[in-house]
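Chain by chain, the residues run as shown.
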Amino acid sequence: MKTKVRVKKDLYMSLFAVLLGLIAGAILMTATGNNPFDGFYFLFRGGLMNIERIGNTLATATPLIFAGLSVAFAFKTGLFNIGGAGQMLIGGLCATAIGLTFDWPKPILLSVILVAALIGGALWASLPGLLKARFNVHEVVSTIMMNWIAYWTVFYLVPQYFKGPFLETESQRIPAAASLKVPWLTSLFDGSYINLGIFLAVVFVAIIAFILERTTLGYELKAVGYNRDAAEAAGISVNRNIIFSMSIAGALAGLGGATFYVGFASNMQIGVLPAQGFDGIAVALLGANSPWGVFLAALFFGLLHTGKGFMNAMTSIPPEIADTIIATIIYFAATSVLIERNWDKINKIRLDFMIRKREAEQLEADSGGE
Amino acid sequence: MNHIVEMVDIRKEFPGVVACDDITFKVKKGEIHALLGENGAGKSTLMNILFGLYQQDSGSIYLRGDKVSITNPNIANDLGIGMVHQHFKLVHNFTVTENIILGLEPTKAFMINTRSAFARISDLSKQYGLNVDPDALISDISVGMQQRVEILKMLYRDAEILIFDEPTAVLTPQEVQEMMKIMRGLIDEGKTIILITHKLREIMAIADRCTVIRWGKVVGTVNTEDTSEEKLAEMMVGRKVLFELNKKEAHPRKEILSIEELSVSGSAGRKGLKNFTLGVRCGEIVGLAGIDGNGQKELVEAIIGLRKADSGRIMLGDEDISTLSIRERIETGLAHIPEDRHKHGLVLDYTVQENMILKTYYREPYSSKGLLDWSFIYEHAENVIRDFDIRAGEGADSLARSLSGGNQQKAIVGREIDSNPDLLIAVQPTRGLDVGAIEYIHQRLLEQRDQGKAVFMISLELDEILDLSDRIAVIYNGELVDIVDADKTDENEIGLMMAGGKRGVAT
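No experiment lies behind these values; they were computed from the predicted model shown.

Comments concerning the overall build of chain B
Tallying secondary structure elements over chain B gives 17 helices and 24 strands in all. Taking 23 Å as the expected radius of gyration for a compact globule of 507 residues, we find that chain B reaches 24 Å, a close match to that expectation. The dimensions of chain B, computed from C-alpha atoms along their principal axes, are 70 × 55 × 50 Å. A total of 507 residues make up chain B; the buried ones form 45% of that total.

Looking at the overall build of chain A
Each helix and strand in chain A was counted, giving 15 helices and zero strands. Among the 370 residues that make up chain A, the fraction classed as buried is 49%. Counting contacts in chain A only where the partners sit at least 6 residues apart, residues at least 24 apart contribute 80% of the total.

Remarks on the domain arrangement of chain B
What the domain assignment reports for chain B is domain 1 (3–237) and domain 2 (242–333 + 421–507). Placing the centre of domain 1 of chain B and that of domain 2 of chain B at their C-alpha centroids yields a distance of 35 Å.

Notes on the packing of helix 3 (residues 51–76) of chain A against helix 11 (residues 238–264) of chain A
How two helices sit against one another is set out by the angle between their axes and by the gap between those axes. Residue and element names in this part refer to chain A. The contact between helix 3 and helix 11 brings their axes to 8 Å, and the two run at 170 degrees. As far as their axial angle goes, helix 11 and helix 3 are roughly antiparallel. The residues of helix 11 that touch helix 3, namely those facing Ala59, Thr62, Pro63, Phe66, Ala67, Leu69, Ser70, Phe73 and Ala74, are Ser245, Met246, Ile248, Ala249, Leu252, Ala253, Leu255, Gly256, Thr259, Phe260, Gly263 and Phe264. When grouped by side-chain class, the residues that make up the contact of helix 3 with helix 11 number 15 nonpolar, six polar and no charged.

Quick look at the interface of chain A and chain B
On the side of chain B, 25 residues touch chain A, which itself brings 15 residues to the contact. Taken together, the elements giving at least two residues each to the side of chain A that touches chain B come down to helix 9 (216–226) and helix 10 (228–233) of chain A. Looking at the side of chain A that touches chain B, the element that brings in the most residues is helix 9 of chain A, giving five residues. Looking at the side of chain A that touches chain B residue by residue, the classes come out as eight nonpolar, five polar and two charged.

Things to note about the sheet that holds strand 18 (residues 334–337) of chain B
All names here are of chain B. Within the open sheet, the six strands sit side by side as 18-21-22-15-23-24. Their pairing is mixed. The sheet is open, and its two borders are formed by strand 18 and strand 24 (479–485), each paired with just one other strand. For this sheet the average axis-to-axis angle between neighbouring strands, irrespective of direction, equals 20 degrees. As defined by bridge partners, strand 18 adjoins strand 21 (residues 423–427) across four bridges and the pair is classed as parallel. Looking across to strand 21, one finds that alanine 335 is bridged to leucine 424. Contacting strand 15 (285–289), strand 21 and strand 22 (454–458), helix 15 (residues 435–450) runs over the sheet at an angle of about 145 degrees to strand 22. Across the sheet, helix 17 (residues 491–498) is in contact with strand 15, strand 23 (471–476) and strand 24; its angle to strand 23 comes to roughly 30 degrees.

Some remarks on the environment of B:Ala205
For B:Ala205, the location among the structural elements is in helix 7 (residues 200–206). C-alpha of B:Ala205 to C-alpha of B:Glu225: the two residues are 20 residues apart in sequence and 9.9 Å apart in space.

Details of the confidence of the model for chain B
Of the residues in chain B, 95% have a pLDDT of 70 or more, and the chain-wide mean is 88. Across the predicted assembly, pTM comes out at 0.75 and ipTM at 0.81.

Looking at the sheet that holds strand 9 (residues 161–165) of chain B
Residue and element names in this part refer to chain B. Pairing within the open sheet is mixed, and its six strands lie in the order 6-9-10-3-11-12. Two strands in the sheet have a free side with no partner beyond their single neighbour: strand 6 (81–84) and strand 12 (217–223). With strand direction ignored, the average angle separating the axes of adjacent strands in the sheet is 20 degrees. Bridge analysis of strand 11 (residues 209–214) against strand 12 gives six bridges, and the strand direction is antiparallel.

Section: helix 9 (residues 296–304) of chain B
Residue and element names in this part refer to chain B. Among the nine residues in helix 9, nine count as buried, and that is most of the element. Listing the buried residues of helix 9 in full gives Gln296, Lys297, Glu298, Leu299, Val300, Glu301, Ala302, Ile303 and Ile304. Just beyond helix 9, the residue with positive phi is glycine 305, at close to 105 degrees.

Details of the packing of helix 2 (residues 36–48) of chain A against helix 13 (residues 291–314) of chain A
Residues and elements named next belong to chain A. At a minimum axis separation of 6 Å, helix 2 and helix 13 run at an interaxial angle of 125 degrees. As summarised for this structure, helix 2 and helix 13 are arranged oblique, according to the angle between their axes. The interaxial crossing formed by helix 2 with helix 13 has right-handed handedness. When helix 2 is examined against helix 13, the residues Gly39, Phe42, Leu43, Phe44, Arg45, Gly46, Gly47 and Leu48 are found in contact with a partner set consisting of Leu303, Leu304, Thr306, Gly307, Lys308, Gly309, Phe310, Met311 and Met314. Among the residues making up the contact of helix 2 with helix 13, the classes are represented as nine nonpolar, six polar and two charged.

A look at the environment of A:Thr57
All names here are of chain A. Checked against the element boundaries, threonine 57 lands in helix 3. Sequence separation between threonine 57 and leucine 299 is 242 residues; the distance between their C-alpha atoms is 7.2 Å. Leave out the neighbours within four places in its chain, and threonine 57 touches Gly47, Leu48, Gly302, Leu303 and Thr306.

Examining the nonpolar core
Among the nonpolar cores identified, the biggest contains 242 residues, and A:Ile113 and B:Ile425 are the most heavily contacted of them. Looking at which element gives the most residues to this core, the answer is helix 11 of chain A, with 14 residues. Each of domain 1 (3–237) and domain 2 (242–333 + 421–507) of chain B contributes no fewer than three residues to this core. A:Ile113 has contacts with A:Ala95, A:Ile98, A:Gly99, A:Ala178, A:Ala258 and A:Val262, leaving out every residue within four places of it along the chain.

Considering the environment of B:Met356
All names here are of chain B. As for its placement among the helices and strands, methionine 356 is situated in helix 12 (residues 352–356). According to the C-beta neighbour criterion, methionine 356 is buried, with 28 such atoms within 10 Å. Separated by 58 residues in sequence, methionine 356 and glycine 414 have C-alpha atoms that sit 8.3 Å apart.

Notes on unusual backbone geometry
Residues and elements named next belong to chain B. In this structure, proline 365 follows glutamate 364 across a cis peptide bond, with omega equal to 0 degrees. Positive phi is not limited to glycine here, since asparagine 477 has a value of about 55 degrees. As for its position among the elements, asparagine 477 is in the loop between strand 23 and strand 24.

Section: helix 2 of chain A
All names here are of chain A. Helix length check: helix 2 (13 residues) gives 18 Å between terminal C-alpha atoms against 18 Å at 1.5 Å per residue, within 8%. Along helix 2, the positions that sit buried rather than exposed are Pro36, Gly39, Phe42, Leu43, Gly46 and Gly47. On an axial view of helix 2, the arc spanned by its buried residues comes to 135 degrees, and they lie on one face.

Describing the pairing of strand 22 of chain B
Residue and element names in this part refer to chain B. Among the five residues of strand 22, five are classified as buried, and the element is accordingly described as predominantly covered. When strand 15 meets strand 22, the two strands line up parallel, connected through four bridges. Bridge pairing in strand 22 places leucine 288 opposite isoleucine 458. In this sheet, strand 22 lies alongside strand 21 in parallel orientation, the contact comprising five bridges. By the bridge assignment for strand 22, leucine 423 is matched with alanine 454.

About the criteria used
- Chains are numbered independently. Their residues run from 1 in the order of the written sequence.
- Starting at A for chains and at 1 for ligands, labels are handed out in the order in which the entities are written.
- Where local features are concerned, this predicted model is filtered to residues with pLDDT of at least 70; where side-chain atom pairs are given and counted, the filter is 80 or more; whole-chain, interface and lining totals use all residues.
- Secondary structure elements follow DSSP: runs of H or I no shorter than four residues count as helices, runs of E no shorter than two count as strands, and numbering proceeds from the N terminus.
- Radius of gyration here is computed from C-alpha atoms only, and the compact-globule reference equals 2.2 Å multiplied by the residue count raised to the power 0.38.
- For the exposure call, what matters is how many other C-beta atoms sit within 10 Å of a residue's own: 20 or more marks it buried, 12 or fewer exposed, and in between partly exposed, using C-beta atoms placed from the backbone.
- Whether two residues are in contact depends on their C-beta atoms, placed from the backbone: they are in contact if these lie within 7 Å.
- Each domain span listed reflects an automatic or database assignment of domains.
- The convention used is that axes are lines fitted to C-alpha atoms, helices contributing only their stretch in contact, and that angles between N-to-C directions extend from 0 to 180 degrees.
- To sort the angles, those under 35 degrees are grouped as roughly parallel, those over 145 as roughly antiparallel, those from 65 to 115 as roughly perpendicular, and the leftovers as oblique.
- Amino acid classes used here: Ala, Val, Leu, Ile, Met, Phe, Trp, Tyr, Cys and Pro are nonpolar; Asp, Glu, Lys and Arg are charged; the rest, including Gly, are polar.
- Here a strand pair is declared whenever DSSP counts at least two bridges between the two strands.
- Per-residue confidence from the prediction method is given by pLDDT, with values spanning 0 to 100.
- In a left-handed crossing the near helix is turned counterclockwise from the far helix by less than a right angle, and in a right-handed crossing that turn is clockwise.
- A set of buried residues drawn from Ala, Val, Leu, Ile, Met, Phe, Trp, Tyr and Cys, joined through C-beta atoms within 7 Å, is what defines a nonpolar core.
- Helix span, as expected, comes to 1.5 Å for every residue beyond the first.
- What the arc describes is the spread of directions from the helix axis to the C-beta atoms.

This is how it looks when you write it as structure tokens:
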């Protein structure tokens, strides 16, 4: 259905951005007097060398998948969701609150926690959607403001109701029954942070891909995103779709919050906006806003995040190099227009070369015939 | 050699299409050379290659006898080539002067020196009789004036070879006359003009020579003195063109659309609609004539539901649709070919098949229980593509954006007629299209009528109104001037009514 050419082009473009980012990292490593081959060796080894590290890479990637999916989904409707961090906080808060309040068997408790995180994130994001639909308030402004409202809400609620035993600035540890970590998975991955969140992430990537490609809802959302006026003239309710899109984006970020605060971590810190919320924008960008693209991009970023400590330990390369690589990749992904143009140029040169070669061969064959 | 431009064996391929198939095109210095062809024939591609927006796959370009390589528009500028695009490239909240100097601002101690530019632009404007106020904001001046600003932009950059891409598509008849005068003035001052168009009458009126392109190939280059509109049309389309429509007698039946005392307020700066009453019957085409901006837009938007009516009723059949949602109106049997196909007609980043279901995707058999049936959608789109002769490189999978204007319009017409509507509202249905596509769309509108459906056509082209309509309504200042039978009136009478004169008063 979708033209394969386009998908392929997006994939090449993203891989090209990654390659350029890695090259930039290599230059930096060389410039700081280190051997880039060693650097990359330990960077990737740090994320992949054993089953535990692989588990950690997956666990780090999990909230990124959700955050990236959230940004990408809203973007399909033409909305720029900068509020991933706030939606994650609210999702995490709902999850933590329920986990610390109720003493139910694990399967029930976890289900309720996830549903609560999903609803919390959805409601939190529906407000900017509502404001956009009703009063045309730009979602970039309102979602950023909602981030800070979420920040201060957590800042107030956690010490007030869920204060930890030692520190004012964090919540109590959630009980094992409320954690997405499960013993069989932890032991399978030799004590890594990995948790059920990664499976949830895969399921939601598939669900979102399905919604976008196969359902009337996805069709409507994309139509509104591509051309609001035409969608409206065709009888599609633009406002309803804006609210829908933001809510679903918020639900995804909310789930991401749950996988972070009751999966990757075991308590909530106050005074921190989760960086994953913003990294989600980069993930969506590199993943070309496609669900499976987001999945791969998040895994890659997860790998870099997990490996950078090991690289630092084994070489004298500072871990910031890994962050620089990520930043460079984002730049190159964002300037994909530039890359695309050069891509066409490279292709043309290749074609020219082939034509010339064929002409030369033809000439040779002709002269050989005489 | 007296050829100022020589494009030799130019070839350009796009995925699935050969846009230029070894085209050789030569222009003499000081002539107006028309480039004629249907939409998608390759004329715009050829000119974009000359202007450096595209690179040819093979072939060479010679300017004033020297071989040149034009890899971007800046090089084209330096070589003295300027282009007025069909869609103007102007910054609306800048003044005329600011727009013209954009990109090569004269500076004096790091400050933009608008005064020197202002003087030069005033001089140029006088020299060529353009009559442009260099201090006016673009958003305040008419489309015709904006076009002159584009011309000034080229002159300011000392262009010698001027490419005009469909310059009259956006102009009123009076403005077209003005434009022709300006073009002659340019030639007198030693410029050379390449005119991309599909309007035969204009070519005959102004061009010296004409090169006709069809399907990416040159059909021939002729002197306009030695040819006629009919011959040019035949060269362009590849067969004889009917200038007379095959129009049978109308058999109107009961009234399907009744607009009763409708009042609508206009957007800022536009007149609204005042106590407008009009009926359209099944089996007839009613044409609404009027000068742009006299309430046509408000009327259309009120009927399809994009704009709220202040008072009055809109009846479709027996139902008052004035309070229904847009979708409910569509379901009642309303179809709409919008004036702006890019804005309201198509989702350009959707494929043709996705665009075909824009109004029906939620219904069986296109989807059931919220799931789209892609194989049915694909088949349906392929059928419409075949029935309406839509040319698309990758068929139903082509992006709407990749289609030529004429084929985009055919896609919209196809979608709307395919929905079998009781009433079809066609706003400027053939705007910017070539002879072949116009003829085709007119024929389909007449077919609708002959099948007993109602067509309400709003157009700024008087010829179109006179050719197609069974009855002609004239709107002026948001009010209905009069409604007359098409066979009992003529261009003059309608023209006078368009200026507000009641029937019989002027004669």
